[in-house]
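Given next are the chains, with one letter for each unit.
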Amino acid sequence: MTPAPLDSLQTALDYRFRNARLLEDALTHKSYVNEQRAAAGSHNERLEFLGDAVLSLVVSEQLAVLLPHAPEGALSKHKARLVSESMLADAARRLQLGSCLRLGRGEELSKGRDKDSLLADAVEAVIAAVHLDGGLDASRSVVTRLFDHEFSEVVSRRHRPGEGDYKTQVQEWCQRRFDSLPSYAVVRESGPDHDKLFEVEVTVNGEVVGR
């Protein structure tokens, strides 16, 4: 890989690698290694495994600090959203990670550089590479900078309880008011298979409260 993309990526991460080979491995998909054999080095699946754990730790830590009074269930929902494939892929696009990936011909032809799954895996691998190169403080700094907007959004949303999807609002209201969750039942379907409409009853404590 040429130095220019690596330099640009390190600038975007605001982290300079001591061992650049770690970063190269993080950006190498197994399809590239399978085609290039010995000349390709290692692919990023092992780094992805470690990066998933590091990301989970840092995100959990940040949420616990930012939302000190939030219950465990709310923290888990925020965490699941922040570490989801779509969020990680968005972060990868902000870093322009796709242009740095080393892919096999098949992945190139199938537009692998813009696949959410490949981009999300690569972000986790890069986080692991930072962690191995610079330790927890370095990986924590990279993750918190990379998801700064998302963390700010979590705090902002926490202070605007009217926001969020309606089903979640109902769930949380029922949990607070009745210490139980609502149940849902489809009572009618209409329309063609490709564009169906569903009528659903919402029941709370055995009473139908909406349709």
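Bear in mind that the values here come from a model prediction, so they are computed numbers and not experimental data.

How would you explain the overall build of the chain if you had to name every residue and give the values?
The number of helices and strands found in the chain is 11 helices and three strands. Secondary structure elements in the chain, listed N-terminal to C-terminal, are α-α-α-α-α-α-α-α-α-α-α-β-β-β. In terms of C-alpha radius of gyration, the chain reaches 22 Å, well past the compact-globule figure of 17 Å for 211 residues. If you line up the chain on its principal axes, its C-alpha atoms span 65 × 45 × 25 Å. With 211 residues in all, the chain has 36% of them scored as buried. Relative to all contacts within the chain whose residues are 6 or more apart in sequence, the contacts with residues 24 or more apart total 54%. Accessible surface for the chain amounts to roughly 12,500 Å². Of this, 51% is attributable to carbon and sulfur atoms. Distance between charge centroids for the chain: 1 Å, based on 27 positive and 33 negative side chains.

Talk me through unusual backbone geometry; I want residue IDs and the actual numbers.
Although it is not a glycine, Asp 14 adopts a positive phi angle of roughly 55°. Along the chain, Asp 14 turns up in the loop between helix H1 (3–13) and helix H2 (20–26). Asp 14 sits in the exposed class, given a relative accessible area of 53%. Of note, Asn 205 is a non-glycine position whose phi angle comes to about 55°, a positive value. Take Asn 205: its relative accessible area is 55%, and that puts it in the exposed class.

Residues and numbers for the packing of helix H6 (residues 85–94) against helix H8 (residues 116–134), please.
Contact geometry of H6 with H8 gives a least axis separation of 8 Å together with a crossing angle of 75°. Viewed along their axes, H6 and H8 adopt a mutual orientation that is roughly perpendicular. Touching Glu 85, Ser 86, Leu 88, Ala 89, Ala 92 and Arg 93 of H6 are Asp 116, Ser 117, Leu 119, Ala 120, Val 123 and Glu 124, all from H8. Grouping the amino acids of the contact of H6 with H8 by side-chain chemistry returns six nonpolar, two polar and four charged.

I'd love a proper account of the packing of helix H4 (residues 45–66) against helix H9 (residues 136–146), names of residues and values included.
One can describe the packing of H4 onto H9 by two numbers: an axis separation of 10 Å at closest approach and a directional angle of 70°. What the angle tells us is that H4 and H9 run roughly perpendicular. Note on packing geometry: the crossing formed by H4 with H9 is right-handed. Listed contacts from H9 to Val 54, Leu 55, Leu 57, Val 58, Val 59, Glu 61 and Gln 62 of H4 are Leu 136, Ser 139, Arg 140, Val 143 and Thr 144.

Criteria and cut-off values
All residue numbers here refer to positions counted from 1 along the written sequence of the relevant chain. Predicted model: local features are reported for residues with pLDDT of at least 70 only, side-chain atom pairs are reported and counted for 80 or more only, and whole-chain, interface and lining totals are derived from all residues. The side-chain quantities take in all heavy atoms of the structure and omit both hydrogens and water. The way it works is that DSSP assigns letters per residue, a run of H or I at least four long becomes a helix, a run of E at least two long becomes a strand, and they are numbered from the N terminus. The reference for a compact globule is 2.2 Å times residues^0.38; the radius of gyration itself is calculated from the C-alpha atoms. The classification of residues rests on relative accessible area computed with a 1.4 Å probe and restricted to protein chains. Under 20% of the type maximum is buried, over 50% is exposed, and intermediate values are partly exposed. Any pair of residues with heavy atoms lying within 4.5 Å of one another is described as a contacting pair. Per-residue and other accessible areas were derived by the Shrake-Rupley procedure at a 1.4 Å probe size, with only the shown protein chains allowed to occlude residues. The convention is simple: Lys and Arg are positive, Asp and Glu are negative, and His and the chain ends are not counted. By convention, the point assigned to a charge is CZ for Arg, NZ for Lys, CD for Glu and CG for Asp. Angular values range over 0 to 180 degrees, each being the angle between N-to-C directions of two axes fitted as lines to C-alpha atoms, with helices fitted over their stretch in contact. Here the angle decides the label: under 35 degrees means roughly parallel, over 145 means roughly antiparallel, 65 to 115 means roughly perpendicular, and every other value means oblique. Polar here means any residue other than Ala, Val, Leu, Ile, Met, Phe, Trp, Tyr, Cys and Pro, which are nonpolar, and Asp, Glu, Lys and Arg, which are charged; Gly is therefore polar. Left-handed describes a crossing whose near helix is turned anticlockwise from the far helix through less than a right angle; right-handed describes the clockwise counterpart.

Note that every value here comes from positions in space, so none of it alone points to a role or purpose.
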